[in-house]
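Close look at the chain arrangement
This is what each chain is made of:
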Amino acid sequence: MAYTNVDIRITSARGFIGRQDRYIATIVYGRQRERTQFSFPAEEWRALETDFREQGLRSISDMRGPVINDSNVVRRFGRVLFQALFDSNRAVARLYESIVAQEEEVRLRLYIEDSRLLNLPWEMLFDPRHNAYLALRRSPKFSIVRWNGRKQPDFELSVPKLRILIVTSQPRNMVDVAVERELENIRLVLSPLVRDGRVEMCVIEAKPGELGRVRNGTWHILHFIGHGERGELIMLDENGYARRVEAEAIPSELPLEVRLVILNSCYGGKQHQVFAFTSTANRLMLYGGVPAVLAMLHRIPNESAIVFARAFYTALIGQNEEVRSLESAVVQARSELYGNARESVHWATPVLYMSRGLDVKIGHKKPSPTPLWLVVLLIVLVLLSISFIFARYYLIDMQAGPTAPPVVTGCNVDSSLYTRTTEQQTPSLGTFTPDSGVYTRTVKNSVIGISNGGTFFDMQRGKEANELLSRAASEYQKGNDAAYDAYLRDIIDSVDPTNAEAQIYYENYRILKSGKPYITVVLGTSFTKSNMGGTRDVLQGAVTAQKNHNALLEGALNALPSRLPDNHFQGCPSVVVLIANSGDDENNTQLVADQIKTLARLHQSVVGVLGWTLSAHAINARSYLADSNLLMLSPTASSKGLTNTPRFYRIVPEDDRQAHLMVQYLAKRHSNSMKRVAIFRQLRDNYSSSLGNVFRENLEDVFPEVKIYNGQYFQGDAQSIEQALRQAVEGEGVKVICFAGYVGEASLLLNALQKHIDANDQRYRDILIVGGDAISILANYPANQRGLDHLLVTSFATSDEWEWLASRGIQQANERAVLQFRETYKRYFQNDQLQLANGFYGIDCDVMLGYDALNVLLETYRLMVAEGNGTCGRCLMSDALVKLQGDRIWQGVSGQISFQASGNNPVNKAVAIATVDVKKKQIKTEEVYGCFFPTVCRNP
C-alpha cells in the first residue's frame, strides 16, 4: 500500500524539558525540507504538569496511574506538541498544509535522537486548526510511527497462510495479566481464518524448553502476552516463576523469521529516561532484525489491551485477499480504542516501531491451467538453452585447451574456493570502488568499509607513521607496486613495527603478487577510541596466525609438533585477510555487512568472517549477514544476545559463564565482603548490560542475602562515574563493585578511587573493582594508570597462564605451540621484551584470541575440504566447525577450543581470574577454571 513519507528528525541541546531548551526539528516531505527550532514554554509546561498530577500521574513523561478523565487535558497537551513541530514558523506551517492537502495516506516517521523526548506520547499530536488528532484523522489518514532512521524499502508479506505464535507469560509469583481472557478474544477473531486454512495459530508458554521447540520454525507474527519492564520481558523458568530477559538477549529466545512482534506488556515500548533506543521494541528491530514491533509506551489496562488486539487483528487480516497495511490496522484499532474511552490516554499508548513498511496479503487465487501449446513451447526453449550452454562452455573450451586449476594435494582444495592470480587475471582484491559495491567511506568522522591496503583505518600511529601510511595508500590506489612495497617495508621494518594493519596488507600484497592459490577471510572489527588497544591486539594476533600459516606452506617455518600428519598443509591455499571496519557506531555494520555480501558474490575465495570484536557490532553484523551463507567466528564478543545465533560462533564463553566463575571465586576468597555489592553499567551498551545482568543473577544465586546497588554511568563521563562511586561507597557502604564496561571507563573509576584513597578516606582503601574480560586488556590503559592494585578481572587468556598451570603440575606435550606463537610474535613485531606501548608487559588477551580465532577458521576450512566437501564452498563451513570435538579439538594458546552440534559457544572454554602486578606491570593469573587442555579441567 502506497504511503507518503514525512520524516521528522528531532535533536536538542542539554538540559531538561520546561527550562526553555531549544530543540531542532528537521522535516522532510518529498523534495521539500524545512528546519525549525522550538521550545516548550515553561509556564504552560508547568500548568500541564499540574493537570497531569491532578489526574494521578507522576508527570507528563511518565504516564502511570489511573485513566485521565479530562479530554481537555489530553487535547491541550497534544496541541503543545503539534505547535512545537508544525506551528513554530510560517515555512513549516505551509509545509504542513501541503501535506494535509494531498489525498494519499501519510506515514509520519519520528526519528527522535534526544532521549528526554522519547517518552512523550507523540501519538497525541492535536491539530487545532482542523480540530483533530493526527493519529485519528480520516482524510488524509496519518500513521505515526517511531523510526530508527534507516531508509529501507517497504516489505510485502504475501503468504497462503499466516502463522501466528502467541507466547504467554503469567509467572506464579506476579499479578495476573488476564492471559486467558485476551487469548479467548484473539481466538474469537482468528477462528474463522483458522478454519478456512488462512491462519495457523500456536500458543506456548514463555519457558526455555517451549521457546526452543519453535525457534527454528517459520512464524510471521509473534504476540507476547505478559509483563514487561524497561528494556526487559518477564518470561518463565521451567518451574513457572518469573525470568527476566534483557532486550539484547530477546532475539536469541525468539523464532528467526518473525516479521512483526506484538508486545502486550507493560513498558514494552518505553525508552530509558537518559538514552535513546534502549527500549525492548527498538532492540528487537536493531538486534533481532524484526521489521516492525507494536508495543505499549505506558501501562495499559487489560480491558483496553483486549479491545485493541481484537480490532487490530480484524483490520490486519480481514476476510478477503486484499493487501492490508500494518499501519492502517494500527490506525483502525487506535480509533476503536478511542471510541470506547475518549477521555483516556490509552488510545495513544500503542506505539508502532518500524524499520520499514509492512503489507500483509493472505491467500492466493488459484492460477488458471496453462495451455498445452505453451507447455510444449517452454520445453523446446529449455532444451535449446541447454544445448547452447553445452556448446558455449564445454565444446568451445575443449577446442581452446584446458585451463585447469593447479594440482593440489593434502587439503583437496576445490578450484571454486580460492582465487588464483595470473598475468591474464590481475587480482582485484583491494582495488575497491563504489561501482563495485565494496569500498571505504567516511561516516561521522570514521572511515568505514573494507580495505586491502587502499585505505588505512588506524591513523593514530604518530606523525611520521601516519605520513607514510597516507603515501602508501595513495601509491596503492595508483597501482604503483614498487612505491607501495617500499613504503610498507619502511613502516614495518623501522618506523612502526607494531602496526598489525600494515603487516596484514603487506602479507596480502606478497601473496597476491606470488600468484599462489589463496582463500580470503574478512576480519570484522571496530577502530574506536575507547577500544583501540583491543582492536590492535586482535589484528596482531590475526596477522601472526596468517604469516605463520603462509610460512608453513612455503617451508619457511617448522611445523607445530602435534597430532597433525606431515602433509597437513600440503597443497593448501595461502590466506589473505581483508579488514572491515564499522567504526564507533554499531549501526555502521549494515553498510559494512552489505559490502561483505557483495564481496562474497564477486570473490568465491571468501570463506568466512572473523569478527566482530565488540558484541553490539557483532549482533548487528550477524543480523545483516543472516541471508548469506558466510560463517562468522568472533574472537572476543561474549554477549548473551549472541547465543544460538545461526552461523555465528565464538571462541570465548558468553558473559554468563565468566560472571558465574568470578562469583564462585569471590565466594571462596572474598565472602566477607559480599554483603553489599554495587553493579555499575554503561548506558546503551550491549556488552555492559549483558555482563551487569548476569553478575546480578549469579550474585543473587550464590549470596541470597546480598544487597545490590545499581549504578549507571555514561561513556567517557568521569562525573557520572564519580557520582556512582560515591553513592556506592558512602551511601550504600559497599566493598565490592562489579564493573560492567570497558577500559576507558574503568580507568576513570580507578582514578576516582585512588583520589579518595590519597585524601585518606578509609572507606575507599579496601574497595575491590571486579570486572570482565574487556577491562583485562592492559594495552588500553594509560601509562600512568593508578589504582590497578584494586582490580580483579576475568580474562579469556593471560600471558602467564601456561606457566601458572605448569607450576601446578599441569603440562601438555604440545607446549611448543605456545612457544612458537610467542617467538614468532616477538619476531614479527620486534618486541623481544614483550613490552606494550604504554609500558606494561606481556601479550594481551586479545592478541591470543585473535591468533586462535584465525587458526580455528583455517582448521575448519581444512576439515571441510579434506572430507571432500569442497565443491559446496563456504556453505559447509559451519558443519565443519562443529566437528572440532573429540580427537579434533583444537589446542589454542588461550586453551582448548571445541564445539558441539548444537549451540555456538565453545565447550567448557578456560577462563582465568587475574589481578595486576603493579610492580612488574603485568597481568598475574590467580586461578584458571574450565578445560585449558582437553584432558585437564578445573572447576570451582
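Procedures and definitions
- Residues numbered from 1 in each chain as written.
- Predicted model: local features only at pLDDT ≥ 70, side-chain atom pairs only at ≥ 80, totals over all residues.
- Heavy atoms only, no water.
- Salt bridge = Lys/Arg side-chain N within 4 Å of Asp/Glu carboxyl O.
- Helix = DSSP H or I, 4+ residues; strand = E, 2+ residues; numbered from the N terminus.
- Buried < 20%, exposed > 50% of the residue type's maximum accessible area, 1.4 Å probe, protein only.
- Phe/Tyr/Trp six-rings, centres within 6.5 Å; stacked < 30°, edge-to-face > 60°.
- pLDDT = per-residue confidence, 0-100.
- Contact = heavy atoms within 4.5 Å.
- Pairing = 2+ DSSP bridges.
- Axes fitted to C-alpha atoms, helices over the stretch in contact; angles between N-to-C directions.
- Expected span 1.5 Å × (residues − 1).
- Polar contact = N/O pair within 3.5 Å; in protein donor to acceptor, adjacent residues only side chain to side chain.
- Disulfide = S-S within 2.5 Å.
- Parallel < 35°, antiparallel > 145°, perpendicular 65-115°, else oblique.
- Left-handed = near helix turned anticlockwise from the far one by under 90°.
- Nonpolar A, V, L, I, M, F, W, Y, C, P; charged D, E, K, R; others polar.
- Core = buried A, V, L, I, M, F, W, Y, C linked by side-chain atoms within 4.5 Å.
- Domains from an automatic or database assignment.

1. Some details on the pattern of salt bridges
What the rule picks out here adds up to 29 salt bridges. A salt bridge links Arg-862 to Glu-859; its shortest N-O distance comes to 3.2 Å. Here Glu-859 and Arg-862 lie together in helix 22 (residues 845-866), a separation of 3 residues that amounts to about one turn. In this structure Arg-862 comes out as buried when scored by relative accessible area, which is 16%. With a relative accessible area of 3%, Glu-859 lands in the buried category. Put simply, Glu-927 and Arg-938 hold a salt bridge, and the shortest N to O gap is 2.8 Å.

2. A word on the packing of aromatic side chains
Enumeration over the complete set of coordinates arrives at 24 aromatic pairs. Relative to Tyr-825, the ring of Phe-821 has its centre 6.0 Å away and its plane inclined at 35 degrees; by these criteria the two rings are tilted. Within this pair, Phe-821 and its partner Tyr-825 are both found in helix 21 (residues 816-828), separated by 4 residues, close to a single helical turn. The class of Tyr-825 is buried, set by a relative accessible area of 4%. Among the aromatic side chains, those forming a connected cluster through ring pairs are Phe-126, Tyr-133, Tyr-338 and Trp-347.

3. Side note on the confidence of the model for the protein
Looking at the protein as a whole, the pLDDT averages 79, with 78% of positions reaching at least 70. Counting contacts from residues 272-278, a segment whose pLDDT is below 50, to residues more than four positions away or on other chains yields 35 contacts.

4. A closer look at the sheet that holds strand 26 (residues 648-650)
The mixed open sheet is built from 7 strands, whose spatial order is 20-21-23-22-24-25-26. Looking at strand neighbours, the two that pair on one side only are strand 20 (440-443) and strand 26, the edges of this open sheet. Strand-to-strand twist across the sheet, computed as the mean angle between neighbouring axes with direction ignored, equals 25 degrees. In the sheet, strand 21 (residues 446-451) pairs with strand 23 (residues 574-581) via 3 bridges, with the strands oriented antiparallel. Across the sheet, the residue bridging to Ile-450 is Ala-580, located in strand 23.

5. A word on unusual backbone geometry
The linkage connecting Gly-611 with the following residue, Trp-612, adopts the cis geometry, with an omega of -5 degrees. Here Trp-612 shows up in the loop between strand 24 (606-611) and helix 15 (615-624). Positive phi, normally seen in glycine, also occurs at Leu-834, with a value near 50 degrees. When its relative accessible area of 15% is taken as the criterion, Leu-834 is described as buried. In this structure, Lys-921 is a non-glycine residue whose phi angle is positive, near 60 degrees.

6. Topic: helix 13 (residues 532-553)
Over its 22 residues, helix 13 runs 32 Å from end to end, which matches the ideal 32 Å to within 8%, given 1.5 Å per residue. Among the 22 residues in helix 13, 20 count as buried, and that is most of the element. Of the residues one or two after helix 13, Gly-555 is the one with positive phi, at around 75 degrees.

7. Concerning the side chain of Arg-107
Inspection of the secondary structure puts Arg-107 in strand 4 (residues 106-112). Reaching out from Arg-107, the side chain makes a polar contact with the side chain of Glu-327 at a distance of 2.3 Å. With sequence-adjacent residues up to four places away left out, Arg-107 is seen in contact with Tyr-3, Thr-4, Asn-5, Val-6, Ser-143, Val-145, Asp-154, Glu-327 and Gly-357.

8. Brief notes about the pairing of strand 11 (residues 221-225)
Of all 5 residues making up strand 11, 5 are buried, and the element is well covered by its neighbours. Taking every second residue as pointing to the same face, both faces of strand 11 are buried, with Ile-221, His-223 and Ile-225 on one and Leu-222 and Phe-224 on the other. Bridge count between strand 9 (residues 162-168) and strand 11: 5 bridges; the pairing is parallel. By the bridge assignment for strand 11, Leu-165 is matched with Leu-222. Bridging between strand 11 and strand 15 (residues 260-264) involves 5 bridges; their strand directions are parallel. By the bridge assignment, His-223 is partnered in strand 15 with Ile-262.

9. Comments concerning the sheet that holds strand 12 (residues 228-229)
Taken together, 3 strands build an open sheet; the order of strands is 12-13-14 and the sheet is antiparallel. This sheet does not close on itself; its edge strands, each paired only once, are strand 12 and strand 14 (242-246). Bridging between strand 12 and strand 13 (residues 232-236) involves 2 bridges; their strand directions are antiparallel. Along strand 13, the bridge assignment pairs Glu-229 with Glu-232.

10. Describing the environment of Ile-262
Here Ile-262 lies in strand 15. Overall, Ile-262 belongs to the buried group, its relative accessible area being 4%. Through-space distance from the C-alpha of Ile-262 to that of Phe-224 is 6.0 Å; in sequence the pair is 38 residues apart. Filtering out sequence-adjacent residues up to four positions away, Ile-262 remains in contact with Ile-221, Leu-222, His-223, Phe-224, Leu-294, Phe-312 and Tyr-313.

11. Some words on the state of the cysteines
Summed over all chains, the structure comprises 1 disulfide. Covalently, Cys-931 is tied to Cys-937 through a disulfide, its sulfur atoms 1.8 Å apart. Because the sign of the S-S torsion sets the handedness, a value of about 100 degrees for the bond joining Cys-931 and Cys-937 places this disulfide among the right-handed ones. In this structure Cys-937 comes out as partly exposed when scored by relative accessible area, which is 38%.

12. Re the pairing of strand 29 (residues 736-740)
Most of strand 29 is tucked away, with 5 of its 5 residues classed as buried. In strand 29, alternate side chains face the same way, and those of Val-736, Cys-738 and Ala-740 on one face and Ile-737 and Phe-739 on the other are all buried. With 5 bridges joining them, strand 27 (residues 676-682) and strand 29 adopt parallel strand pairing. Its bridge partner being in strand 29, Ala-678 is matched across the sheet by Ile-737. Inspection of the sheet shows strand 29 paired to strand 30 (residues 768-771) by 4 bridges, in the parallel sense. In the sheet register, Cys-738 faces strand 30, and the bridge partner there is Val-770.

13. Quick look at the packing of helix 16 (residues 655-669) against helix 17 (residues 686-702)
Running from N to C, helix 16 and helix 17 point in directions that differ by 40 degrees, and their axes come no closer than 8 Å. Accordingly, the angle class assigned to the pair helix 16 and helix 17 is oblique. Remark: the crossing between helix 16 and helix 17 carries right-handed chirality. Contacts between helix 16 and helix 17 involve Asp-655, Asp-656, Gln-658, Ala-659, His-660, Met-662, Val-663, Gln-664 and Ala-667 on the former and, on the latter, Tyr-687, Ser-690, Leu-691, Val-694, Phe-695, Asn-698, Leu-699 and Val-702. Considered class by class, the residues forming the contact of helix 16 with helix 17 number 10 nonpolar, 5 polar and 2 charged.

14. Considering the nonpolar core
One finds Leu-610, Leu-633, Phe-695 and Val-770 to be the most contacted residues of the largest nonpolar core, which totals 107 residues. Structurally, this core is a two-domain feature, drawing no fewer than three residues from each of domain 3 (434-651 + 811-904) and domain 4 (655-795). If sequence neighbours within four positions are ignored, Leu-610 has contacts with Val-521, Val-522, Leu-523, Gly-524, Ala-542, Leu-633, Ala-853, Leu-854 and Leu-857. Listed in part, the 78 residues of the second largest apolar core include Leu-81, Trp-122, Met-124 and Ile-164.

15. Some details on helix 12 (residues 500-514)
In this model helix 12 runs 21 Å from its N-terminal to its C-terminal C-alpha over 15 residues, within 8% of the 21 Å that 1.5 Å per residue would give. Counted residue by residue, helix 12 has 12 buried out of 15 residues, so it is predominantly covered. The complete set of buried residues in helix 12 reads Ala-500, Glu-501, Ala-502, Gln-503, Ile-504, Tyr-505, Tyr-506, Glu-507, Asn-508, Tyr-509, Ile-511 and Leu-512. N-cap assignment for helix 12: the residue whose side-chain oxygen lies 3.2 Å from the backbone N of Glu-501 is Asn-499. In the segment just after helix 12, Gly-515 is the residue with positive phi, at about 80 degrees.

16. Looking at the environment of Leu-553
As for its placement among the helices and strands, Leu-553 is situated in helix 13. Of the residues examined, Leu-553 reaches a relative accessible area of 25% and is grouped as partly exposed.

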